[in-house]
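Chains, contacts and geometry: an overview
Residue-level listing of the chains:
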Amino acid sequence: MDKLLAKYFQKLTDYNAFDFQINLANKLLFDKDIIVQAPTGTGKTFASILPFIVAKAENLSFPRKMIYSLPMRVLANSLYKTVSENDFIKELGIKVTLQTGEQPDDPLLLEGDIIFTTIDQSISSLLSIPLSLPKRQANINSGALIGSYLVFDEFHLLESDKSWATLFFLLRLLKGYSPFCLMTATLSEKLLNEFAKESNAEIVSVDQIEINKIPSQRNKQRIIETKNSLLEANTIIEEHYKRTIVICNQVSRCQKIFLELKELKEAKSEAGEKLKNTELICIHSRFFGRDRQRKEKKILELFKKDSLANAILIATQVIEVGIDITCDTMHIEISPINSLLQRIGRCARFENENGKVYVYNVESYLPYSKELSENTFEELKKRNKTNMDYLTSQQVIDIVLTNKEISELNRTLSSNRLEEIKNSWIKCEKSAVHHLIREIDSISLILTKNPNLNENPYSFESLSIYRYTLINEVKKLEEKSQFDWIVRKIEEGSNFIEDLQNEFNYSSLSSEQLKTEQLVIANPEAINYNFEIGLNFLGVGNDCSKKISKDATDKKFVITKDTYDEHISFLIEGYRKYFKGKNDYFFEKLKSKLKIEIDFEELINFMIVLHDYGKLNKEWQRRAKEFQKKKVYVSDNVILAHTDYDSKTDSRIILPPHAGAGALVLLFLLEKSNPLKGMKDEIVTMLSKAIATAIMRHHSPLANDVTQYYLIQNGIKEIEQLLEDNAKNFLPIEKGNPILQSYHNDNISDYMVSYHYENLDLIETLLYFCFVRILRICDQKSFEIKEEYKR
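Residues numbered from 1 in each chain as written. Predicted model: local features only at pLDDT ≥ 70, side-chain atom pairs only at ≥ 80, totals over all residues. Heavy atoms only, no water.

1. A few points about the sheet that holds strand β7 (residues 202–205)
- If you trace the seven strands from one edge of the open sheet to the other, you get β3-β4-β2-β5-β6-β1-β7, paired in parallel fashion. What marks the edges here is a single partner per strand, and that holds for β3 (96–99) and β7. Taking each pair of neighbouring strands and ignoring which way they run, the sheet shows an average axis angle of 20°.
- Bridging between strand β2 (residues 66–70) and strand β4 (residues 114–118) involves five bridges; their strand directions are parallel. Across the sheet, the residue bridging to Ile67 is Ile115, located in β4.
- Packing against the sheet, helix α2 (residues 19–29) makes contact with β1 (34–37), β5 (149–153), β6 (180–184) and β7, and its axis sits at approximately 160° to β7. (Pairing = 2+ DSSP bridges. Helix = DSSP H or I, 4+ residues; strand = E, 2+ residues; numbered from the N terminus. Axes fitted to C-alpha atoms, helices over the stretch in contact; angles between N-to-C directions. Contact = heavy atoms within 4.5 Å.)

2. Quick notes on unusual backbone geometry
- In this model, Leu366 is joined to Pro367 through a cis peptide bond whose omega is 10°.
- The topology assignment puts Pro367 in the loop between β13 (354–360) and α16 (370–382).
- That bond from Leu731 to Pro732 is cis: its omega, -5°, falls within 30 degrees of zero.
- Mapped onto the elements of the fold, Pro732 is located in the loop between α27 (715–726) and β28 (742–743).
- In the Ramachandran plot, Cys428 falls in the positive-phi region, its phi being about 55° despite a non-glycine side chain.

3. Comments concerning the state of the cysteines
- Enumeration according to the criterion identifies zero disulfides in this entry.
- Lacking any disulfide linkage, Cys282 is separated from the closest cysteine sulfur, that of Cys254, by 3.7 Å. (Disulfide = S-S within 2.5 Å.)

4. Some points on the confidence of the model for the chain
- Residues with a pLDDT of 70 or more make up 97% of the chain, whose mean pLDDT is 91.
- Within the chain, the element-level pLDDT minimum falls on strand β17 (residues 487–497), averaging 73, and the maximum on helix α23 (residues 600–610), averaging 98.
- Low pLDDT (under 50) marks residues 551–557, which in the prediction has 17 contacts with non-local residues, meaning those over four places away or in another chain. (pLDDT = per-residue confidence, 0-100.)

5. Some remarks on the side chain of His699
- Structurally, His699 is set in the loop between α26 (681–696) and β26 (705–706).
- Judged by relative accessible area, His699 falls into the buried class, the value being 10%.
- Only 3.4 Å separates the side chain of His699 from the side chain of His658, close enough to count as a polar contact. (Buried < 20%, exposed > 50% of the residue type's maximum accessible area, 1.4 Å probe, protein only. Polar contact = N/O pair within 3.5 Å; in protein donor to acceptor, adjacent residues only side chain to side chain.)

6. A few points about the packing of aromatic side chains
- In total, this model carries 24 aromatic pairs according to the counting rule given.
- Measuring from ring centre to ring centre gives 5.2 Å for Tyr768 and Phe769, while their planes differ by 40°; the resulting arrangement is tilted.
- Accessibility expressed as a relative area gives 1% for Phe769, which makes it buried.
- Of the aromatic side chains, those joined through ring pairs into one cluster are Phe155, Trp164, Phe168, Phe169 and Phe195.
- Over the aromatic face of Tyr8 sits the side chain of Lys11, whose NZ or CZ is 5.7 Å from the ring centroid. (Phe/Tyr/Trp six-rings, centres within 6.5 Å; stacked < 30°, edge-to-face > 60°. Lys NZ or Arg CZ within 6 Å of the ring centre and 35° of its normal.)

Set out below in structure tokens:
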């Protein structure tokens, strides 16, 4: 296996693999979860991708989807670009996608084989509160992470009592079903060992001997020099040689220093003369994706290895990790040691480079811990004007962070986080993000001059800002009273059609009401945007958000007629196109754990055949045909699944709810079906509840009700024929069961998934998320497939 891995690594990177990279891939392919600790620039990214590549190429037992999560969007953007442009990955036909708040190219986590995203996006998806989707679709993305290979890079940057603790317990729940790789450069040794023990993972680390062999770590120096003074533009100019990187703790400081440098460059002075041929670039978290990408491309060009550019980059922590750049001079404001080490990893990054790092005091330590920052500064003073190599860095980490990190781990282990995760699954309330992921002390803004945006806001680019910065700035704008509106609330409407159409309403918000919002629209005349300095309150620029993705609602306006059997065939085709073979790793692990033999593909077909059983209701058919006959003749013998509908010209058709009937009928039919005979009762019940809940909630994640129905005359015959074509082992069905013919209104929540997190209850929950994802996406994609058939 080692030789095979080495061969693929060479093809992937054009370099020979180091021992730790082979060790990493080996452990993962042999069902070991791992935690990797290695310095920046040692090739952790491609090492983590290696097992996925090899498994796909050699058809090994391993997940067929890889979700690579990072703490910052800029990191996801950078790694996505690097990996998506890799020639060997293209040669293997592996599709790479990017899913972030500002670039939602894969909101259903469906299109990519390798998906780069943020940790916020991946954890929120698994908690059924996806940041990329409205609440009505909250249960779609959870199943994307179940049975996938999960990489969490730079996970030490997560908030310990929020996303870090939530991730710890989620990985425990997914143990054995979703192999994971956690990667870090800056954890204390004690925490690393304790975390590995509690998560039953193995550590892959790099010793000093191997570090000395890695080109990026050889023959280089980073000399640290501490300054008690504040960081100022004039000091930056004095120390500038060729390539300088400045990292500030706050966006406002970053913008201020950039504007000061720009003013000095334009002045007729000694400073202006020195900067005459120097390019200035500002980057932070408050840029639209289009501008950020242009800036990142420029930064990578100017600050790449061996570049001869003359440039100064003024940034915040968005460039701390994941960006392969270097400089000869760096100016940074003091921060805790784990953050600071990520920053200096962008100075003298490559072999035979020497760099100088100036570390400055600050007036405010926000957004960092005052205590950790001060302790870090004191330790750096003890090592002033010395080389900050990997060994020295680890010593400072252990001194500054060990007690804090172990204390936080102990709090995590004794917390009730599992119950909080369960409540998130039950309620699907995005407010849980504040506690379970991060104190969304940031709000996403969509800049638009239209106070009643008439399109899906989730398909527009947005940018984030610290919540209380926005509140304070909006208060100032309110006092001026010079704008008709400043910010408005986005409210999801209750009317929708088959997951393809949704309505949004907008209402005024005051500064105080911003405390509970995650996404709002904002007036660009009041809250400004400029491509050089981004979102600002300086009156500079008035750019608006642009539409950046074609989501399902783009196809919402026209729905065409299809029959029940046609609709089922389109869903079956959707399954084959989007899911066939993709969940095999998860299903095989389940079959082994439960000691059962079952054809999961046929089970899914059975679910698909029954999911719209409620449309075989006499009243549903009567209303649908009555509506359809106004457009074009339809025979009374035809069984409809959809009518023709154009939202621009047609009044909304009101049809009886149908999902509950399918759930109820499946519960009774599945428990007595041939494929489940001989299984333990508790396994049969678990499978039945998981699939029935998927059907019940294939339009809404909170549904529990069965609406009264009376089966049409040929309803049983229709189902039998579809089962014969797609799931024949589930025949015969119990025709005499009165449930098949009719039922009254009822709440059947007792027969739905309970979201418990132990033993079979946990498997039931995971299966539900897997099944409902398949059903809802196939249902959505059936409309596209229908149009393809027509063409």
